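Architecture at a glance
The primary structure of each chain is shown beneath.
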Amino acid sequence: MSSDKSFEHVIDFIPDGKLWQPVVSVTFLRAGALDLSFPLLFDTGASQICLSSDCEEFFPDSKLEDCTFDGIGGASIPGKHTAGQIRFLGRVIDCDIGFAKMKEHSWMRGVFGRECFSAFGFGYWEADHRLYVTVKP
Amino acid sequence: MKVVSLKTRLSCCWFGHPYVKLPNDTWTQGSAHSGDAFLYEKENAYASAVPRDNQSLAWIADNQEQLYRDYPNEWILVSNQVVVAHSQSAADIETAARELGITNALVTKAVKPTQSERTIYVFG
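Keep in mind it's a predicted model, so treat the numbers as computed, not measured. (Residues numbered from 1 in each chain as written. Chains lettered and ligands numbered in written order. Predicted model: local features only at pLDDT ≥ 70, side-chain atom pairs only at ≥ 80, totals over all residues. Heavy atoms only, no water.)

A few points about the overall build of chain B
Of regular secondary structure, chain B possesses four helices and eight strands. Listing the helices and strands of chain B from first to last along the sequence gives β-β-β-β-β-α-α-α-β-β-α-β. The 124 residues of chain B split such that 42% are buried. In chain B, of all internal contacts separated by at least 6 residues, the share reaching a separation of at least 24 is 49%. (Helix = DSSP H or I, 4+ residues; strand = E, 2+ residues; numbered from the N terminus. Buried < 20%, exposed > 50% of the residue type's maximum accessible area, 1.4 Å probe, protein only. Contact = heavy atoms within 4.5 Å.)

As structure tokens, then:
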């Protein structure tokens, strides 16, 4: 592991009223279909990518399996998941893609969780409203 | 499905400072404008040396109330801070992106804006 913590990418948080939200655009690669990007909240509390359940419409050819997602306070949320592939900052990553009912915002259709983080290094600057990213962790 | 062109209908501003595309395909934040001619500030060296690809996301957040008024609970296809198609059908959105030749289309749904000041959990 390198001790060099320089970053090649800067992702500005987006304004949401009084708040700033760390949101990234993640591209979903679907066999035989157009690549689509969804805005996802950068979420270190999430173990994997999870999209809002209505995004299932964009994965009609995927084999979705029922599952549950654990949340804060012992909440257990029913959802679905499938194997998929995403691209973020030029890196293509095989990963599990979850679907669950979520609080809705136009600026996010899901969360970007830790399963995909290992290909990157992140520097999180809340005061600066910026996420710094390296693709050479 | 409706394919629309809204280059002037919605605000392209983020806190009053429009983002303008420079000849080298990078974006910068303008300080003033006159007609179609934007005057822009030179960004600091570090910020201008890295990609800044969140402008359409910021634009969605900044215009979420107007987007909900115009396209309530519809999927919207956003390209370069413009809504280029909208529909209640995901299949229609994909068709529009293909017909418009948009690769790597940014898709979201225009939902009623809510402000959360204390969020620890996004499921609900």
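Some details on the side chain of Thr27(A)
Mapped onto the elements, Thr27(A) comes out in strand E4 (residues 23-29). The class of Thr27(A) is buried, set by a relative accessible area of 4%. A polar contact of 2.7 Å, which involves the side chain of Thr27(A), links it to the side chain of Ser37(A). In this view, Thr27(A) contacts Asp35(A), Leu36(A), Ser37(A), Gln85(A), Ile86(A), Arg87(A) and Asn104(B); residues no more than four positions away in its chain are not counted. (Polar contact = N/O pair within 3.5 Å; in protein donor to acceptor, adjacent residues only side chain to side chain.)

Focus on the pairing of strand E8 (residues 76-88) of chain A
Residues and elements named next belong to chain A. Here three bridges tie E4 to E8, and the two strands are oriented antiparallel to one another. Bridging across to E8, Thr27 finds its partner in Arg87. Strand direction decides the pairing type here: strand E7 (residues 65-70) and E8, joined by six bridges, are antiparallel. Bridge pairing in E8 links Glu65 to His81. Bridge analysis of E8 against strand E9 (residues 91-100) gives 10 bridges, and the strand direction is antiparallel. Its bridge partner being in E9, Ile86 is matched across the sheet by Ile93. (Pairing = 2+ DSSP bridges.)

What to know about the environment of Asn54(B)
Position of Asn54(B) among the secondary structure elements: in the loop between helix H1 (45-48) and helix H2 (55-62). Accessibility expressed as a relative area gives 5% for Asn54(B), which makes it buried. With 58 residues separating them along the chain, Asn54(B) and Lys112(B) place their C-alpha atoms 21 Å apart. Sequence-distant contacts of Asn54(B), defined by excluding residues within four places in its chain, comprise Ile11(A), Asp12(A), Ile14(A), Val23(A), Val24(A) and Ser25(A).

Observations concerning the environment of His105(A)
Examined against the element boundaries, His105(A) turns out to sit in the loop between E9 and strand E10 (110-112). In the structure, His105(A) is positioned 21 residues away from Glu126(A) in sequence and 21 Å away in space, judged by C-alpha atoms. Excluding anything up to four places from it in sequence, His105(A) contacts Thr108(B), Lys109(B), Val111(B), Thr114(B) and Ser116(B).

Description of the side chain of Ser37(A)
Among the structural elements, Ser37(A) can be located in strand E5 (residues 36-42). Taking the relative accessible area as the measure of exposure, Ser37(A) reaches 2% and is therefore buried.

Some thoughts on the pattern of salt bridges
As a working rule, side chains carrying opposite charge can pair if their charged atoms are close by. Scanning the model with the defined rule gives seven salt bridges over all chains in all. For Arg87(A), the salt bridge goes to Asp35(A), with nearest N and O atoms at 3.6 Å. Here Asp35(A) lies in the loop between E4 and E5 and Arg87(A) lies in strand E8, a separation of 52 residues in the sequence. On the basis of relative accessible area, Arg87(A) is assigned to the partly exposed category, the value being 26%. Arg109(A) is the salt-bridge partner of Glu104(A), the closest N and O atoms lying 3.0 Å from each other. Taking the relative accessible area as the measure of exposure, Glu104(A) reaches 31% and is therefore partly exposed. Since its relative accessible area comes to 1%, Arg109(A) is described here as buried. It is possible to trace a salt-bridge network through shared partners that takes in Asp54(A), Glu104(A), Arg109(A) and Lys109(B). (Salt bridge = Lys/Arg side-chain N within 4 Å of Asp/Glu carboxyl O.)

What to know about the packing of aromatic side chains
All names here are of chain A. One pass over the structure, following the stated rule, counts 16 aromatic pairs over all chains. Summarising the aromatic geometry, the rings of Phe7 and Tyr132 are spaced 6.1 Å apart at their centres and angled 50° between planes, so their arrangement reads as tilted. Of this pair, Phe7 sits in the segment before strand E1 (9-12) while Tyr132 sits in strand E12 (residues 130-134); the two residues are 125 residues apart in sequence, bridging distant segments of the chain. Just as Phe7 is buried, Tyr132 falls in that class too. (Phe/Tyr/Trp six-rings, centres within 6.5 Å; stacked < 30°, edge-to-face > 60°.)

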